[in-house]
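Coordinate analysis (summary)
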Amino acid sequence: MQNFCELCMIIQKLRFFSNMELSSKYNPSEIEGKWYEYWLNHGIFHSEPDGREAYTVVIPPPNVTGVLHMGHVLNETIQDILVRHARQQGKNACWVPGTDHASIATEAKVVNRLASQGIKKTDLTREEFLKHAWAWTEEHGGIILKQLRRLGCSCDWDRTAFTMDEKRSASVLKVFCDLYEKGLIYRGVRMVNWDPKALTALSDEEVIFKEHQGKLYYLRYRTVEDPEKYAVVATTRPETIMGDTAMCINPNDPKNAWLKGKHVIVPLVNRQIPVIEDEYVDVEFGTGCLKVTPAHDINDYMLGEKHHLQSIDIFNDNGTLSEAAGLYVGMDRFDVREQIEKDLAEAGLLEKVEAYTNNVGCSERTGVPIEPKLSMQWFLKMEHLAQIALEPVMKDEIMFYPQKYKNTYRHWLENIKDWCISRQLWWGHRIPAYYLPDGRFVVAPTVEDALKKAQAINPSVTAADLRQDPDCLDTWFSSWLWPISLFDGINTPGNKEISYYYPTADLVTGPDIIFFWVARMIMAGYEYEGKMPFKHVYFTGIVRDKLGRKMSKSLGNSPDPLDLIDRYGADGVRMGMMLSAPAGNDILFDESLCEQGRNFSGKIWNAFRLVKGWQVDDSVKATDAQRQAMKWMSAKITDTLVEVEDLFGKYRLSEALTLLYKLFWDEFSSWYLEAIKPEYGKPQNAETYRTTLHYFDILLRSLHPFMPFITEHLWQALEDRKEGETICNQEAKCENQEQKAVLDDFEIAKQIITGIRNVRAQKNIGNKVDLTVQAVNVSDVPFRAVVEKLGGVKEIEHVAEKAASATSFLAGNSEYAVLLDGLVDTAEEVAKLKKELEYLEGFLASVNKKLGNERFVQNAKPEIVANERKKQADAEQKIAALKASIEQLSK
RNA sequence: GGACGAAUAGCGCAGCUGGUUCAGAGCAUCUGCCUUACAAGCAGAGGGUCGGGGGUUCGAAUCCCUCUUCGUCCACCA
């Protein structure tokens, strides 16, 4: 049975490749799925700890219900390139995929869906709601992971994790309890950022400031002491006056000095409030009078604390006015703003209104303006964690690419505030705090442990008496453990996996989550593993459209990656992304880049068709041109691969790709293959054929991290491969030493060939030409046989003087001439040579000037001076040759 | 308001500790070619006072100062 299956495979393979060779066009969709299956079936991406060096990458977990967008494509492509490269190098590559429960975003989506079904969240119990949330997660969850396979991502799918799965959840609770025991987590009433739409507190990082075209309202506050007089207060938020409990002036402000010790009446509300003095008030802003609303502004809150003011919370959680406001109860805060403007004007209490632009803090998720609100929340003290996380980055133990983000990182850590970690949500890790009937609480990972602790406080407490805190933890409180929790390092410290895979090698992510995630992972890494979570952080840029705009759903300028993959192939899309994606720079994405990628796939495909299409004859010997070309190609590949490795080390992946692109397209296809191509209809000799296959093999390997599908497909077809063999673990090794002279000589040979081609184009010559050379012997013409073949040269002859009926050009340091048999226009030829001469004389003059400058000769490094002398000699030689030719033509 | 980064060919970019990697590749453009792997291709060519102005130096795209423009992050004066 097994044999039968194998036979089927072989037949299938044969049929496949024979079809393929006939097809002149590369069709990615025919082969990509097949090879991904192949990799999965052979467990190529699966990793287990072994004796090899570990190379670990953890995926920045996308939202569990998200779908692939262009930002992911960039990010995951980079990770896959790094992982595949490491795997080829023989490292034990392990790329762990997974998804994030995205507490607030997912809960919002579930709430929306329920609303569309006429169900309100508030009508459901927590358990019922979570049932819906899990159903939603299962329905949409993991779509994005499937999409990553289309892109070719070589994740170890056996390890797929979820931030809310059992192990990750247990890790979160354990860490929470531990930090509580350490005194780093506390509960308290603080001013927090409140999202009136999501109905939850947010961390400072989740608040984004947006410029808002608003108004500045000037309100009249009559004085109690003299009802005829009033003070004017400028505010952007007139709807908060019901919460005013003081007016504040600067004690050094002469124009408001008359208000000192007085009281004023809040407009419409008619409540008396004192005038207080504080230097916090900016004399220059507005009228210099500030209304103080301690419940609804962070600065006012501080003033309130300092001056022992009353605090009136006039808002409900959803942003409508509460009973405490007394007026406009139940109306939305923005409706009140409009209404109160009218009412104030009617009452004669509105002095004026000015247009005003200010920054409004908005919820990152829901987009609505946040409301500063006093509330009871859980906080994590950051001082200690910031301290342990700062140094490793500043000392480059953890390397940031690009380095400029070190500054951003330092600034944030040095000004860090405590992290509000509780969220008034149900979808997430529920805070493991349990309240006793008397209001005291215990913190423990399980109800059982909590009960024990509770009974230590009060022996009569039963499990039924305990009430668990209803809040959830911030999503990032689980993500920050990701590099550890994926290997279960929290639950079972020191286990085999965490010891082997941690610290991870590279983290690839966007700079927008440097605080949310990167910094916090570093904190958790040192706190729980005593080591960095990763050695290198590669910050990608933002993917923008070609006009430089951020890609967004509302603009409709974001292409669907899967559609792009359908049209250009995964390799084409990956290429397109990487061609212009240096670390840290935004990339302006344009579909034409994918086109370029697809065209490159086509180029590789056709080169393969050429080489594999040759009839091979063992009895034929390699020609000189072929031997010379092979010698050069070997040196060129070596040279490029050395450089590519260097670029990989510097995470300059787009430059590495560009080099390989040029190596394959220009050097290998345009120069090498043309040089070794047998005459039409003639067979290729075995030596050249085998060597070319070998080069092809290396080129495919080196391109594989960037273009995994086509390289696997062609590598499989290049030679007979055994079932289970894969390019995925084949290193692109360079076996030669660098041969600078060979490379330099070939560049001269290219110049000669290009020179001849130019003459052909200008004179419209199709036949073979005769070439003469001065200055060097015929045998010293670099890569002479290649020059003859690619230049279409009948014969090269050494001459002392250029023939009259010839047109010449310079290559290297000597002059070459194509004999033209009377086709030459002497005047034109002389003019051309004179132009060249003029340029060279100018060049020589500048070199001479330099060398004539004593201070240059004295101060410059000797090798620089030597170089100038060489330039001088070369130029003089060329000038002499040109002059001789001109003189001869002018006879 | 503060900090950081950027400005080089039509476009998006590279150019490291000043001097042969020094003014560069790629795409686009233009001119020839349906040449037998590839027209999604081949062979050529033309594009730039390196944002402006100063300075240091024998020598500056590169170092310093300054101005202009753009970007990012942080702060949030109500």
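The following refers to the structure shown. (Residues numbered from 1 in each chain as written. Chains lettered and ligands numbered in written order. Predicted model: local features only at pLDDT ≥ 70, side-chain atom pairs only at ≥ 80, totals over all residues. Heavy atoms only, no water.)

As a further point, take the packing of helix α19 (residues 624-649) against helix α21 (residues 686-703). Between α19 and α21, the shortest axis-to-axis distance is 11 Å and the interhelical angle comes to 15°. Looking at the two axes, α19 sits roughly parallel to α21. In this structure, the crossing between α19 and α21 has a hand that is left-handed. Where α19 abuts α21, its residues Gln626, Arg627, Met630, Met633, Ser634, Ile637 and Leu641 lie against Glu687, Thr688, Thr691, Tyr695, Ile698, Leu699 and Ser702. Of the residues in the contact of α19 with α21, the class split is seven nonpolar, five polar and two charged. (Axes fitted to C-alpha atoms, helices over the stretch in contact; angles between N-to-C directions. Helix = DSSP H or I, 4+ residues; strand = E, 2+ residues; numbered from the N terminus. Parallel < 35°, antiparallel > 145°, perpendicular 65-115°, else oblique. Left-handed = near helix turned anticlockwise from the far one by under 90°. Contact = heavy atoms within 4.5 Å. Nonpolar A, V, L, I, M, F, W, Y, C, P; charged D, E, K, R; others polar.)

Turning next to the protein's contact with RNA strand B. Inspection of the region around RNA strand B gives 49 residues, with Phe285, Asn299, Tyr356, Lys662 and Tyr680 positioned closest. Counting only the atoms of RNA strand B that lie within 4 Å of the protein, the sugar and phosphate share comes to 57%. Contact distances for RNA strand B include 3.1 Å between a base nitrogen and a side-chain N or O atom of Glu674. Of all the secondary-structure elements, those providing two or more residues to the surface near RNA strand B are β8 (230-235), β13 (350-363), α11 (405-414), α18 (591-612), α20 (653-676), α23 (740-763), α26 (854-859) and α27 (862-889). (Near = heavy atom within 4 Å. Polar contact = N/O pair within 3.5 Å; in protein donor to acceptor, adjacent residues only side chain to side chain.)

Formed by 128 residues in total, the largest nonpolar core has its most connected members in Ile604, Tyr672 and Phe696. Not counting the four nearest positions on each side in its chain, Ile604 is found in contact with Phe664, Phe696, Leu700, Leu703, Met707, Ile710 and Leu714. One finds Trp378, Leu390, Ile431 and Ile484 within the second-largest nonpolar core, a separate group that totals 61 residues. (Core = buried A, V, L, I, M, F, W, Y, C linked by side-chain atoms within 4.5 Å. Buried < 20%, exposed > 50% of the residue type's maximum accessible area, 1.4 Å probe, protein only.)

So, on to the pairing of strand β11 (residues 272-277). The side chains of a regular strand alternate, first on one face of the sheet and then on the other. For strand β9 (residues 246-249) and β11, the ladder comprises three bridges, and the chain directions are parallel. The residue of β11 that forms the bridge with Cys248 is Ile276. (Pairing = 2+ DSSP bridges.)

A few words on the pattern of salt bridges. By the definition in use, this model includes 49 salt bridges. With a shortest N-O distance of 2.7 Å, Arg159 and Glu497 are connected by a salt bridge. Here the residue Arg159 occupies a position in the loop between α6 (143-151) and β4 (161-162), and Glu497 occupies one in helix α15 (residues 496-501), the gap between them amounting to 338 residues. A relative accessible area of 14% places Arg159 in the buried class. Of the charged contacts in the structure, one is a salt bridge between Asp874 and Lys870, with a shortest N-O distance of 3.3 Å. Of this pair, Asp874 and Lys870 both sit in helix α27, four residues apart, roughly one helical turn. In this structure, a network of salt bridges that share partners links the residues Arg237, Glu239, Arg333, Arg337 and Glu371. (Salt bridge = Lys/Arg side-chain N within 4 Å of Asp/Glu carboxyl O.)

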